[in-house]
Amino acid sequence: MATQGGRVSEEYVKYKIFPAFDVVYDTKKAKQYFEECRDSYLATLSNVLIDYIWQNEAFSLKTFDVGSSDSVSELSPPCLHGCTNYGDNCEDEWFIVYLLFEISKEFPDLIIQVQDEDGEFLLIEAADFLPKWLNPETAENRVYIHQGEIHAIPIAKSISDVGALPGTPSVGQAVQTIRSYSCRTRMPVKIQRAVKKRIDG
């Protein structure tokens with residue numbers, strides 16, 4: 001996470017990109033695979049990144065730590081991740097959101113999570129259109145970007161409620177749910193338009 005003088009910055013945006021990936025893998029091949037993914041994503045964005053001037057820290061992607069005991073688990077599947085301290089320039093934060101949306105359009109297998117110091121900040125832009133069940137208290141690990149759109153996993157009302165999850169889902173559960181039931185998790189058009197309007201400035 002971004003820091004200032006050894007302290008965690010209060011103005012940051014963190015992001016995780018989850019490619020489709022089999023969790024049974026060879027460590028060396030996995031590292032190579034994620035490095036190739038990172039290179040492909042950055043190459044896709046190169047035309048818009050080359051002339052952009054960052055006020056503080058730039059957008060960056062790191063591979064997951066293949067040496068960590070919890071690198072791959074139901075709670076936290078392997079991913080590319082980054083954290084950018086955007087200082088007092090919110091436009092840098094929203095430019096990163098734009099980059100993530102562009103990556104998700106170009107690589108339709110991706111599930112992307114993006115949060116800042118306020119949590120699920122994408123929802124703030126669409127506050128007038130959110131379903132009653134979705135609020136800051138219920139949104140943890142439920143909101144993602146997939147194929148250029150906002151997805152949010154509904155709260156399960158019963159054990160047979162397909163495409164929904166109870167309580168606070170793990171990231172692993174959430175990613176798998178969106179992959180399997182994206183038609184159920186896709187947010188309504190009004191929410192998509194509100195977020196897109198903010199991205200477009």
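Residues numbered from 1 in each chain as written. Predicted model: local features only at pLDDT ≥ 70, side-chain atom pairs only at ≥ 80, totals over all residues. Heavy atoms only, no water.

Visitor: Before we go on, may I ask you to explain the packing of aromatic side chains in this structure?
Guide: Centre-to-centre distance and the angle between the planes together describe a pair of aromatic rings. Tallying each qualifying case throughout the model produces eight aromatic pairs. The interplanar angle of 25 degrees and the centroid separation of 5.1 Å between the aromatic rings of Tyr 15 and Phe 59 together place this pair among those described as stacked. Within this pair, whereas Tyr 15 is found in strand β3 (residues 12-18), its partner Phe 59 is found in the loop between α1 (27-49) and β4 (62-63), the two being separated by 44 residues in sequence. Summarising the burial analysis for this pair, Tyr 15 and Phe 59 share the class buried. Seen from their ring centres, Trp 94 and Phe 121 are 5.4 Å apart, and the 80 degrees between their planes marks the pair as edge-to-face. Taken together, the positions of Trp 94 in helix α2 (residues 90-106) and Phe 121 in the loop between β6 (111-116) and α3 (122-125) put the pair 27 residues apart, joining distant regions of the chain. Per residue, the accessibility class of Trp 94 equals that of Phe 121, and both read buried. (Phe/Tyr/Trp six-rings, centres within 6.5 Å; stacked < 30°, edge-to-face > 60°. Helix = DSSP H or I, 4+ residues; strand = E, 2+ residues; numbered from the N terminus. Buried < 20%, exposed > 50% of the residue type's maximum accessible area, 1.4 Å probe, protein only.)

Visitor: What should I look at first to understand the pairing of strand β8 (residues 149-152) in this one?
Guide: The two faces of a sheet get side chains in turn, since along a regular strand they alternate between them. Inspection of the sheet shows strand β7 (residues 143-146) paired to β8 by four bridges, in the antiparallel sense. Each bridged residue has a counterpart across the sheet, and for Tyr 144 the counterpart in β8 is His 151. (Pairing = 2+ DSSP bridges.)

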